[in-house]
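Chain by chain, the residues:
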Amino acid sequence: MSVKQASYGKDFVRVLKVIREAEGKQTVVEMTVRTLLSVDTDEFKKSYTEGDNSLVIATDTQKNTVNVLAKQHDVQCPEVFATIVANHFVEKYSHIHVAEVSIIQNRWSRMIIDGKSHPHSFYRDGNDVRSALVTVDDKKGITIKSGIKGLLVLKSTGSAFYGFHRDELTTLAETNDRIFSTKVDCQLLWNKFWTLDEVKLMKNEFMRGWNVARDVTMRIFATDESASVQNTLYKMCCDILRQVMKVEEVNYSLPNKHYVNVDLKPFGLRNEGKEAEVFLPLAHPSGLITATVARKSQGKI
Ligand SMILES: O=c1[nH]c(=O)c2[nH]c(=O)[nH]c2[nH]1
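Just so you know, the residues in each chain are numbered from 1, in the order the chain's sequence is written. Per-residue local features are limited, in this predicted model, to residues with pLDDT of at least 70; the limit for side-chain atom pairs, both in listing and counting, is 80 or more; totals at the level of whole chains, interfaces and linings are taken over all residues. Note: side-chain values were computed over all heavy atoms of the structure, leaving out hydrogens and water.

A. Region of the structure containing the pattern of salt bridges. By definition here, a salt bridge exists when the distance from a side-chain nitrogen of Lys or Arg to a carboxyl oxygen of Asp or Glu is within 4 Å. Going through the model one piece at a time under the given rule, you end up with 15 salt bridges. Where Lys25 meets Glu21, a salt bridge forms, and the shortest distance between an N and an O atom there is 3.7 Å. Note on Lys25: relative accessible area 37%, which makes it partly exposed. By relative accessible area, which is 33% here, Glu21 ends up partly exposed. A simple rule labels every residue: compare its accessible area, found with a 1.4 Å probe on the protein chains alone, to the largest value its type can have, and call it buried under 20%, exposed over 50%, or partly exposed in between.

Here is the structure:
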């Protein structure tokens, strides 16, 4: 028997960093970090096969590393900080060739009090999180994915679904007016990078790209006269690819969270079609629509 694939690290390393700026202004960044080091040589695999721990960088050391690097570096851009952490493992330890670091950043938005931004008070203005997944590979370079996870949205009209295939197993009625609700999971794959310095120079573009993705997701969701979740998803991907040239691929995973109109006929009430007002939110099942959209070639969509 042989170890085909192995990696290990620390999960759920929770960090809150306070950034002290001029004149008493502060900013906070809260994140949950996961580190994973690849075990990809016979020598290193002995940690699994023979209990030889001599090359094992303890997961506790990995956790300490995250905290120390968070103290020493800017953590506001999760793509850059994840690269700093992953790059540290690959640079410092000659037997580590591939390190993967994932960061989930929570929302802490600044309070507005009496019309003014408060210098040190924040609130959770949404449960969606910003994610960054970085792999530093000493041969294949640096791969960066940025994401939005858990952005819950709903529109009460402006969504249709008709013309779909019908056969003896089809019962769904066609509709030109339905509720559309989903919990957005969106991921942007950036062009490959080769050095930490190159990644650091991209900080503003990572921040812009993520904001574009969140704005596009909400704008297309709200304004598209949706023919299907599939078609709306595709329009979101194309718009992001048009606006953020250094993104190679966009992936969405969109559950179709169904709302069905309640049958109120037994009570002599009409609750169908244009008169549908009372709906049952269905916990399960939900549809699940996913796609990855890439540029065709030479940056053309
Ligand atoms: O937008 C949709 N796409 C589907 O593929 C589908 N299937 C379904 O039952 N409802 C929907 N809605």
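Okay, back to it.
B. The arrangement of the packing of aromatic side chains in detail. Note on aromatic contacts: the rings of Phe and Tyr and the six-membered ring of Trp form a pair at centre separations within 6.5 Å, being stacked when their planes are under 30 degrees apart, edge-to-face when over 60 apart, and tilted otherwise. Taken as a whole and assessed by the stated rule, the structure comprises five aromatic pairs. Where Phe161 meets Phe164, the ring centres are 4.7 Å apart and the plane angle is 10°; that geometry is what we call stacked. Ring plane angle 85° and centroid distance 4.9 Å describe the contact between Trp190 and Phe206, whose orientation is recorded as edge-to-face. Separated by 16 residues along the polypeptide, Trp190 in strand 9 (residues 180–190) and Phe206 in helix 5 (residues 203–223) bring together distant segments of the chain. Assessed through its relative accessible area of 1%, Trp190 is described here as buried. Residue Phe206 is classed as buried on the basis of its relative accessible area of 0%. The structure contains a cluster of three or more aromatic residues connected by ring pairs, namely Trp190, Phe193 and Phe206. Positioned above the aromatic ring of Trp108, the side-chain terminus of Arg124 is 4.1 Å from the ring centre. Criterion for a charge above a ring: Lys NZ or Arg CZ within 6 Å of the ring centre, and within 35 degrees of the ring normal. Lys155 extends its terminal NZ or CZ atom over the ring of Phe221, reaching a point 5.7 Å from the ring centre. Helix and strand definitions follow DSSP, with helices as H or I runs of at least four residues and strands as E runs of at least two, each counted in order from the N terminus.

C. Inspection of the UniProt feature "active site" (unreviewed entry) in the protein at higher detail. UniProt positions are given in the numbering used here, feature names are shortened, and annotations may be inferred rather than shown by experiment. In the UniProt entry, the feature "active site" (unreviewed entry) is given for Lys10, Thr59 and His258. The greatest C-alpha distance among the residues just named is 42.0 Å, and with 249 residues of sequence between them they are spread in space as well. Within the fold, Thr59 resides in helix 2 (residues 59–72). What makes two residues a contact is simply this: any of their non-hydrogen atoms within 4.5 Å. In this structure, Thr59 is in contact with Tyr8, Gly9 and Lys10, ignoring residues within four places of it in sequence. Two N or O atoms count as a polar contact when they lie within 3.5 Å, although within protein this holds only if one can serve as hydrogen donor and the other as acceptor, and sequence-adjacent residues are included solely when both atoms are side-chain atoms. Polar side-chain contacts of Thr59 include one of 3.0 Å to the side chain of Lys10. With respect to the helices and strands, His258 occurs in the loop between strand 10 (247–256) and strand 11 (259–261). Once you skip the residues sitting within four places of it in the chain, His258 turns out to touch Leu280, Pro281, Leu282, Pro285, Ser286 and Gly287.

D. Region of interest: the site of the ligand. The full set of residues close to the ligand is Phe161, Leu172, Arg178, Ser228, Val229, Gln230 and Asn256. A distance of 2.8 Å separates an oxygen atom of the ligand from a polar backbone atom of Val229. Between the ligand and Asn256 there is a distance of 3.3 Å, counted from a nitrogen atom to a side-chain nitrogen or oxygen. Only the protein chains shown count as covering a residue, and every accessible area follows the Shrake-Rupley method with a 1.4 Å probe. For the ligand, whose accessible area on its own is 290 Å², the fraction buried by protein is 72%. Residue classes follow a fixed rule: Ala, Val, Leu, Ile, Met, Phe, Trp, Tyr, Cys and Pro count as nonpolar, while Asp, Glu, Lys and Arg count as charged, and any other residue, Gly among them, counts as polar. Within the shell around the ligand, the residues separate by chemical class into three nonpolar, three polar and one charged. Here, proximity means that at least one heavy atom of the residue falls within 4 Å of the molecule or strand.

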